[in-house]
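# Architecture and fold: a report
Chain residues, written in single-letter form:
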Amino acid sequence: MKTSIGIKDADLKKVAKLLNVLLADEHIIYMKTRNAHWNVEGADFHAAHLFLESQYDELAEVIDEVAERVRTLGHYAVGTFDKYLKLTRLTESTSEKTDSQSYYKELLADHESIAMSIRADISVVEVTADNGTEDFLVGLLEKHEKMAWMLRAHFIK
(Lines give C-alpha, C1' and ligand atoms only; values in the text may rest on other atoms or scores of the structure.)
Protein backbone atom coordinates (compact mmCIF):
# COMPACT_ATOMS: atom_id res chain seq x y z
CA MET A 1 0.00 0.00 0.00
CA LYS A 2 1.27 3.45 -0.93
CA THR A 3 2.63 5.69 1.84
CA SER A 4 0.67 8.94 1.99
CA ILE A 5 2.16 11.14 4.72
CA GLY A 6 2.44 14.49 2.93
CA ILE A 7 5.93 13.97 1.46
CA LYS A 8 6.56 13.62 -2.27
CA ASP A 9 7.38 10.09 -3.47
CA ALA A 10 10.72 11.24 -4.86
CA ASP A 11 11.63 12.76 -1.50
CA LEU A 12 10.59 9.61 0.36
CA LYS A 13 12.82 7.60 -1.95
CA LYS A 14 15.75 10.00 -1.47
CA VAL A 15 15.43 9.91 2.32
CA ALA A 16 15.03 6.12 2.41
CA LYS A 17 18.21 5.77 0.35
CA LEU A 18 20.06 8.08 2.72
CA LEU A 19 18.76 6.09 5.72
CA ASN A 20 19.88 2.80 4.15
CA VAL A 21 23.42 4.18 3.87
CA LEU A 22 23.21 5.14 7.54
CA LEU A 23 21.88 1.65 8.31
CA ALA A 24 24.95 0.19 6.62
CA ASP A 25 27.22 2.45 8.68
CA GLU A 26 25.43 1.43 11.88
CA HIS A 27 25.88 -2.27 11.07
CA ILE A 28 29.58 -1.86 10.36
CA ILE A 29 30.28 0.05 13.58
CA TYR A 30 28.12 -2.46 15.48
CA MET A 31 30.21 -5.37 14.17
CA LYS A 32 33.46 -3.53 14.87
CA THR A 33 32.28 -2.89 18.44
CA ARG A 34 31.24 -6.55 18.83
CA ASN A 35 34.64 -7.63 17.51
CA ALA A 36 36.38 -5.39 20.03
CA HIS A 37 34.17 -6.78 22.82
CA TRP A 38 35.03 -10.36 21.87
CA ASN A 39 38.75 -9.86 21.33
CA VAL A 40 39.93 -7.10 23.66
CA GLU A 41 42.89 -8.06 25.86
CA GLY A 42 44.87 -6.37 28.57
CA ALA A 43 44.89 -5.40 32.22
CA ASP A 44 41.62 -3.50 31.73
CA PHE A 45 39.90 -6.45 30.03
CA HIS A 46 36.89 -6.68 32.33
CA ALA A 47 36.07 -2.97 32.27
CA ALA A 48 36.66 -2.77 28.50
CA HIS A 49 34.57 -5.87 27.87
CA LEU A 50 31.61 -4.44 29.81
CA PHE A 51 31.96 -0.96 28.30
CA LEU A 52 32.02 -2.31 24.74
CA GLU A 53 28.98 -4.45 25.51
CA SER A 54 27.05 -1.34 26.58
CA GLN A 55 28.06 0.36 23.33
CA TYR A 56 27.01 -2.49 21.05
CA ASP A 57 23.71 -2.86 22.93
CA GLU A 58 22.94 0.78 22.19
CA LEU A 59 23.97 0.35 18.55
CA ALA A 60 21.65 -2.67 18.22
CA GLU A 61 18.73 -0.42 19.20
CA VAL A 62 19.87 2.25 16.75
CA ILE A 63 19.98 -0.30 13.93
CA ASP A 64 16.40 -1.34 14.59
CA GLU A 65 15.24 2.28 14.77
CA VAL A 66 16.90 3.20 11.47
CA ALA A 67 15.44 0.17 9.69
CA GLU A 68 11.98 0.94 11.08
CA ARG A 69 12.26 4.56 9.93
CA VAL A 70 12.97 3.33 6.39
CA ARG A 71 9.87 1.14 6.57
CA THR A 72 7.81 4.03 7.98
CA LEU A 73 8.63 5.93 4.80
CA GLY A 74 7.26 3.06 2.70
CA HIS A 75 10.57 1.62 1.54
CA TYR A 76 12.56 -1.50 2.39
CA ALA A 77 15.50 -1.61 4.76
CA VAL A 78 18.72 -3.10 3.42
CA GLY A 79 19.38 -6.40 5.15
CA THR A 80 22.55 -8.08 3.87
CA PHE A 81 26.20 -7.55 4.70
CA ASP A 82 27.00 -7.56 0.99
CA LYS A 83 24.81 -4.46 0.59
CA TYR A 84 26.10 -2.91 3.84
CA LEU A 85 29.68 -3.15 2.60
CA LYS A 86 28.68 -1.53 -0.71
CA LEU A 87 26.76 1.30 0.97
CA THR A 88 28.82 2.08 4.07
CA ARG A 89 30.94 5.18 4.44
CA LEU A 90 33.12 3.33 6.98
CA THR A 91 35.83 0.73 6.52
CA GLU A 92 36.19 -2.65 8.11
CA SER A 93 38.75 -2.97 10.88
CA THR A 94 42.30 -3.53 9.71
CA SER A 95 44.13 -3.31 13.03
CA GLU A 96 45.94 -6.34 14.36
CA LYS A 97 46.13 -4.89 17.88
CA THR A 98 43.74 -6.17 20.53
CA ASP A 99 44.26 -3.65 23.34
CA SER A 100 41.38 -1.43 24.41
CA GLN A 101 43.08 1.82 23.41
CA SER A 102 43.53 0.67 19.80
CA TYR A 103 39.91 -0.43 19.58
CA TYR A 104 38.70 2.78 21.22
CA LYS A 105 40.65 4.98 18.79
CA GLU A 106 39.18 3.24 15.77
CA LEU A 107 35.64 3.24 17.16
CA LEU A 108 35.95 6.89 18.17
CA ALA A 109 36.95 7.84 14.63
CA ASP A 110 33.93 5.93 13.29
CA HIS A 111 31.45 7.56 15.69
CA GLU A 112 32.83 10.98 14.78
CA SER A 113 32.59 10.11 11.09
CA ILE A 114 28.98 8.99 11.49
CA ALA A 115 28.19 12.21 13.41
CA MET A 116 29.59 14.29 10.54
CA SER A 117 27.66 12.21 8.00
CA ILE A 118 24.43 12.62 9.94
CA ARG A 119 24.94 16.39 10.01
CA ALA A 120 25.23 16.35 6.22
CA ASP A 121 22.22 14.03 5.97
CA ILE A 122 20.12 16.43 8.06
CA SER A 123 20.74 19.23 5.56
CA VAL A 124 19.55 16.95 2.75
CA VAL A 125 16.41 15.92 4.66
CA GLU A 126 15.56 19.52 5.61
CA VAL A 127 14.51 20.36 2.05
CA THR A 128 12.14 17.37 1.79
CA ALA A 129 9.69 18.51 4.51
CA ASP A 130 10.31 15.20 6.30
CA ASN A 131 10.39 16.67 9.79
CA GLY A 132 10.03 13.24 11.37
CA THR A 133 13.25 11.95 9.82
CA GLU A 134 15.00 15.24 10.50
CA ASP A 135 14.11 14.96 14.20
CA PHE A 136 15.06 11.28 14.19
CA LEU A 137 18.49 12.10 12.73
CA VAL A 138 19.09 14.81 15.33
CA GLY A 139 18.43 12.19 18.03
CA LEU A 140 20.89 9.77 16.40
CA LEU A 141 23.46 12.53 16.11
CA GLU A 142 23.21 13.09 19.86
CA LYS A 143 23.65 9.35 20.52
CA HIS A 144 26.78 9.13 18.38
CA GLU A 145 28.21 12.28 19.94
CA LYS A 146 27.66 10.79 23.40
CA MET A 147 29.15 7.44 22.44
CA ALA A 148 32.18 9.29 21.01
CA TRP A 149 32.53 11.23 24.25
CA MET A 150 32.42 7.97 26.24
CA LEU A 151 35.22 6.57 24.08
CA ARG A 152 37.22 9.81 24.22
CA ALA A 153 36.98 9.82 28.03
CA HIS A 154 39.19 6.70 28.11
CA PHE A 155 42.20 8.69 26.92
CA ILE A 156 44.49 10.70 29.19
CA LYS A 157 45.36 14.16 27.89
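Parameters and conventions
Residues numbered from 1 in each chain as written. Predicted model: local features only at pLDDT ≥ 70, side-chain atom pairs only at ≥ 80, totals over all residues. Heavy atoms only, no water. UniProt positions renumbered as here; feature names shortened; annotations may be inferred. Helix = DSSP H or I, 4+ residues; strand = E, 2+ residues; numbered from the N terminus. 1 Å grid on protein atoms, 1.4 Å probe; cavity = no way out; pocket = protein on both sides within 12 Å on 5 of 7 lines; lining within 4 Å. Points joined across faces, edges and corners; volume = space filled by probe spheres on them. Nonpolar A, V, L, I, M, F, W, Y, C, P; charged D, E, K, R; others polar. Buried < 20%, exposed > 50% of the residue type's maximum accessible area, 1.4 Å probe, protein only. Phe/Tyr/Trp six-rings, centres within 6.5 Å; stacked < 30°, edge-to-face > 60°. Lys NZ or Arg CZ within 6 Å of the ring centre and 35° of its normal.

Per the UniProt annotation, the sites labelled "domain: Ferritin/DPS" (unreviewed entry) are residues 17-155. Annotated as 77% helix and 0% strand, the span residues 17-155 places its first and last C-alpha atoms 36 Å apart.

The method is simple in principle: a probe with the dimensions of a water molecule rolls over the atoms, and the space it marks as empty is what remains. Tallied over the full model, the rule gives one cavity of 30 Å³ or more. Estimated volume of the largest cavity: approximately 40 Å³. Looking at the largest cavity, the residues that line it are Lys32, Asn35, Ala36, Ser93, Tyr103, Glu106 and Leu107. Class assignment for the residues of the lining of the largest cavity results in three nonpolar, two polar and two charged.

Another point: the environment of Gly42. By secondary structure assignment, the location of Gly42 is in the loop between α1 (9-39) and α2 (45-72). Owing to a relative accessible area of 45%, Gly42 belongs among the partly exposed residues under this scheme. Distance from Gly42 to Lys14, taken between C-alpha atoms, is 45 Å for residues 28 residues apart in sequence.

On to the packing of aromatic side chains, then. One pass over the structure, following the stated rule, counts three aromatic pairs. Judged by centre distance (5.5 Å) and plane angle (85°), the rings of Phe51 and Tyr104 are edge-to-face. One end of the pair, Phe51, is in helix α2; the other, Tyr104, is in helix α4 (residues 100-126), and 53 residues separate them in sequence. Between Phe81 and Tyr84, the aromatic rings sit 5.2 Å apart at their centres with planes inclined by 90°, giving edge-to-face as the arrangement. Residue Phe81 and its partner Tyr84 are both found in helix α3 (residues 81-87); the two are separated by three residues, about one turn of the helix. Exposure remark for Tyr84: the relative accessible area of 4% places this residue in the buried category. Between the NZ or CZ atom of Arg34 and the centre of the ring of Tyr56, over which it lies, the distance is 3.9 Å.

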